[in-house]
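Chain by chain, the residues run as shown.
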Amino acid sequence: MRICVVIPSDAYLSQAGARIRYGRLRASLTEEGAVLETETIDRIRPEQLLSHDVFLISKCHDARAVVAARMASATGRCVGVDLFDDYFSQSRDSRFVHLRRWLRSLAGSLDFAICSTPRMREVVESVIPGLPCHVMNDPRGALDLPAIGRRCAAKAARVAATRSIRLGWFGIGDNPHFEVGLTDLVAYADALRAMRNAGYDVRLSILTNVRALTVTALEALRRLPVPHRVEEWNEALEAEQIAESDACFIPVNGQPFSAAKSLNRGVSVLVGGAQLLSRGYPLYDALGALVYRDPLILLRDLEAGVPALRPETLPDLARILGTWADPRQEAASLLRFLRDVTGRPTSAGAEEDAAAVVMLHGQRSTAGAHKIAQRFKQLSIATPFSSPGLNYDAAFALAPGTERLDLHLTERAWRRMAPGEAARAVPLDSPEGGLTRTIAGACADAPLSHRIAVVQRSRSYPVAAALAPSVMADLQDLSARLWPGAEILVSELDPALVGTGPADRSALAPMEERAHAA
């Protein structure tokens, strides 16, 4: 079995999720006779669809992924998505409307999903009922049990002799939408204060990303009750920090985003030979008695020379890691799941003279979305909100000085139209950028044209946020009439400008049919 993980960029491979999840699994999959490769979404080509059995979309949260998934599915490939972060269950949060819309659009091409916790599997089931979903635990790194035992014994002896404790915290310190990371560390600083008040010299090492170190975050860290140093995270420093720390303090807040996270940081701490202290949401309870919740009990056990992780408890560690983080077990389980997934019947490929996908570009679309649509011979269409300068296949635009909505077309877009609609097109007086034909008054809906004109005249973001969603929804419906049978996608990254027209909602139909069949 050949598996291609489609990723947003090469830099993504250095992030903890991809590095741990796929990097550590690759060798074990090879042992099982499978091949795991990665390819960036902007480099994937039509011919690659025939060289792999499974395509897995990873963190490509825009219209590019929908096109790639649609084309892979059309060639009979098994298509999945990894959903490791919960941006989907909070249906009343308007900040994530574009991500929920992305997943709805993707749903019609999916055969399966992968997540890392039972909680996230529940989210997937609630969003796409009936979609097969596999829980894949994050695999551990190299395991040296005797070295862990020696390291833990030496640390306990040092803590008891010096009444000082070295703590570590590591991870992504921020999130653009949620208060997590460094905010959690500061929020649970009472654990650090309790250690200090117990008469211990507490020293804290913090490893995080530079983006998280804002003025606000640094000011909050200044209020920590113990001395600390902050360094930019990298993989080598993380390993060094865990090796030198007597314990790592990894608090977790209880919001849905955090509750769906994996065990990987807790596993990394234990495999690195440090005690694990966590407060807040019991994310690491699966690691059993090896997790401390009370900082004073941690100090008591270290002083007595019997910390939770010590030579005598190494068999417990091996058993727990075998259950929750064994790379061979996770690879074998994933392959069993993929072999059991039955792909939907599909055509051998989309005919070039039929528009399988029509992509409408909003105000915050991207050149990458435009390029992938054309690379796979689909239609890329400008709306009155789109960025100029791209060689679109068609363009909706108001006629100069009027509120008449025209549609300018390339020959390729014109040939794919419904015959009755195509008959209305006439040659453009001044062909430009490949646009050679036009339909004057492509839509007779005067209110739609008026809303577009109001947005363009005002050049105001609040006005665009008020009117653009309904305009884009209406343009979806209009496009569905012009190119019947096509999947109408909207490429828009601004959640305030996203519409939800009937054409968009219809993307869920295949998933609903599967749920009823089950």
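One can find the structure itself at the top, above this paragraph.
The following paragraphs examine the structure supplied in this document. What you see as residue numbers is a count from 1 along each chain, following the sequence as written. Only residues with pLDDT of at least 70 are given local features in this predicted model, and only at 80 or more are side-chain atom pairs given and counted; all residues enter the totals for whole chains, interfaces and linings. The basis for every side-chain value is the complete set of non-hydrogen atoms in the structure, without hydrogens or water.

**Overview of the sheet that holds strand β4 (residues 78-82)**
- DSSP bridges decide pairing: two strands pair if at least two such bridges lie between them. Secondary structure elements are taken from DSSP: a helix is a run of H or I of four residues or more, a strand is a run of E of two residues or more, and numbering for both begins at the N terminus. On the basis of which strands lie adjacent, the open sheet formed by six strands has the order β2-β1-β3-β4-β5-β6 and parallel pairing. Only two strands of the sheet have a single partner each, and these edge strands are β2 (35-40) and β6 (133-135). In this sheet, neighbouring strand axes are inclined to one another by 25° on average, regardless of whether the strands run parallel or antiparallel.
- Of the pairings in the sheet, the one linking strand β1 (residues 2-7) to β2 comprises six bridges and is parallel in character. Opposite Ile-7, over in β2, you have Thr-40 as the bridge partner. Angles shown run from 0 to 180 degrees and are taken between the N-to-C directions of axes, each axis being a line fitted to C-alpha atoms and, for helices, limited to the stretch in contact.

**Concerning the packing of aromatic side chains**
- Within 6.5 Å between ring centres, the rings of Phe, Tyr and Trp (the latter by its six-membered ring) count as paired, and their orientation is classed by plane angle as stacked under 30 degrees, edge-to-face over 60, tilted in between. For the structure on display, the rule yields five aromatic pairs.
- Ring geometry for Phe-88 against Trp-102: centres 6.4 Å apart, planes inclined by 25°, an arrangement best described as stacked. Linking Phe-88 in the loop between β4 and α4 (97-107) with Trp-102 in helix α4, this pair joins segments that are 14 residues apart in sequence. Per residue, the accessibility class of Phe-88 equals that of Trp-102, and both read buried.
- Over the face of the ring belonging to Phe-178 we find Arg-95, whose NZ or CZ atom lies 5.5 Å from the ring centre. For each residue, the accessible area found with a 1.4 Å probe, counting protein chains only, is set against the maximum for its type, and the residue is called buried under 20%, exposed over 50%, and partly exposed in between. Placement of a positive charge over a ring is assigned whenever Lys NZ or Arg CZ falls within 6 Å of the ring centre and within 35 degrees of the normal to the ring plane.

**Let's talk about the environment of Ile-206**
- Topologically, Ile-206 is positioned in strand β8 (residues 201-208).
- Along the primary structure Ile-206 and His-134 are separated by 72 residues, whereas in three dimensions their C-alpha atoms are 33 Å apart.
- Leave out the neighbours within four places in its chain, and Ile-206 touches Trp-169, Leu-182, Leu-185, Leu-221, Leu-224, His-228, Arg-229, Val-230, Glu-231 and Gln-241. Note on definitions: a residue-residue contact is assigned when non-hydrogen atoms from the two residues lie within 4.5 Å.

**With respect to the sheet that holds strand β10 (residues 247-249)**
- Taken in spatial order, the six strands line up as β9-β8-β7-β10-β11-β12 in an open sheet, and their pairing is parallel. A single partner strand is all that each edge strand has here, and the edge strands are β9 (228-232) and β12 (291-292).
- Examined bridge by bridge, β8 and β9 share five bridges and lie parallel to one another. Considered in β9, the bridge of Leu-207 is made with Glu-231.
- In the packing of helix α6 (residues 145-162) onto the sheet, the strands contacted are β7 (164-170) and β11 (275-277), and the crossing angle to β7 comes to about 130°.

**Section: the state of the cysteines**
- When two cysteine sulfur atoms are found within 2.5 Å, that pair is recorded as a disulfide. This structure, assessed with the given rule, holds zero disulfides.
- Cys-78 takes part in no disulfide bond, and the closest cysteine sulfur to it belongs to Cys-4, at a distance of 13 Å.
- Not part of a disulfide, Cys-115 finds its nearest cysteine sulfur in Cys-133, a span of 3.6 Å.

**Remarks on the layout of surface pockets**
- In this structure, the largest pocket occupies an estimated 1,600 Å³ of space.
- Site definitions follow a grid-based scheme: protein atoms alone, a 1 Å grid, a 1.4 Å probe that fits but cannot get out for cavities, and for pockets an open set with protein on both sides within 12 Å along at least five of seven lines, plus lining residues having an atom within 4 Å of a point. Along its surface, the largest pocket is lined by 50 residues, and Gln-15, Lys-59, Asp-85, Ile-172 and Lys-261 are the ones closest to its centre.
- Of the residues forming the lining of the largest pocket, the biggest block, six residues, is contributed by helix α1 (residues 16-23).
- Residues are grouped as follows: Ala, Val, Leu, Ile, Met, Phe, Trp, Tyr, Cys and Pro are nonpolar; Asp, Glu, Lys and Arg are charged; every other residue, Gly included, is polar. In terms of residue class, the lining of the largest pocket is made up of 21 nonpolar, 17 polar and 12 charged. Grid points are joined across faces, edges and corners, and a volume is the space filled by probe spheres set on the points.

**Comments concerning the nonpolar core**
- Side-chain atoms within 4.5 Å are what join buried Ala, Val, Leu, Ile, Met, Phe, Trp, Tyr and Cys residues into a set we call a nonpolar core. Leu-185, Leu-204, Tyr-284 and Leu-287 are the most contacted members of the largest nonpolar core, which totals 54 residues.
- Residues contacting Leu-287, with those up to four places away along its chain left out, are Leu-263, Gly-266, Val-267, Leu-270, Leu-276 and Ile-320.
- Counting residues in hydrophobic clusters, the runner-up holds 49 residues, among them Ile-41, Tyr-87, Phe-96 and Phe-257.

**Examining empty space enclosed by the protein**
- Summed over the entire model, instances satisfying the criterion amount to three cavities of 30 Å³ or more.
- When its volume is computed, the largest cavity comes out at roughly 140 Å³.
- Looking at the largest cavity, it is lined by 14 residues, and the ones nearest its centre are Ala-63, His-98, Trp-102, Val-490 and Glu-492.
- Contributions of two or more residues to the lining of the largest cavity are made by α3 (63-74), α4 and β19 (487-491).
- Of the residues forming the lining of the largest cavity, the biggest block, four residues, is contributed by α4.
- Grouping the constituent residues of the lining of the largest cavity by class yields seven nonpolar, four polar and three charged.
- Looking at the second largest cavity, its volume works out to about 50 Å³.
- Grouping the constituent residues of the lining of the second largest cavity by class yields four nonpolar, one polar and three charged.

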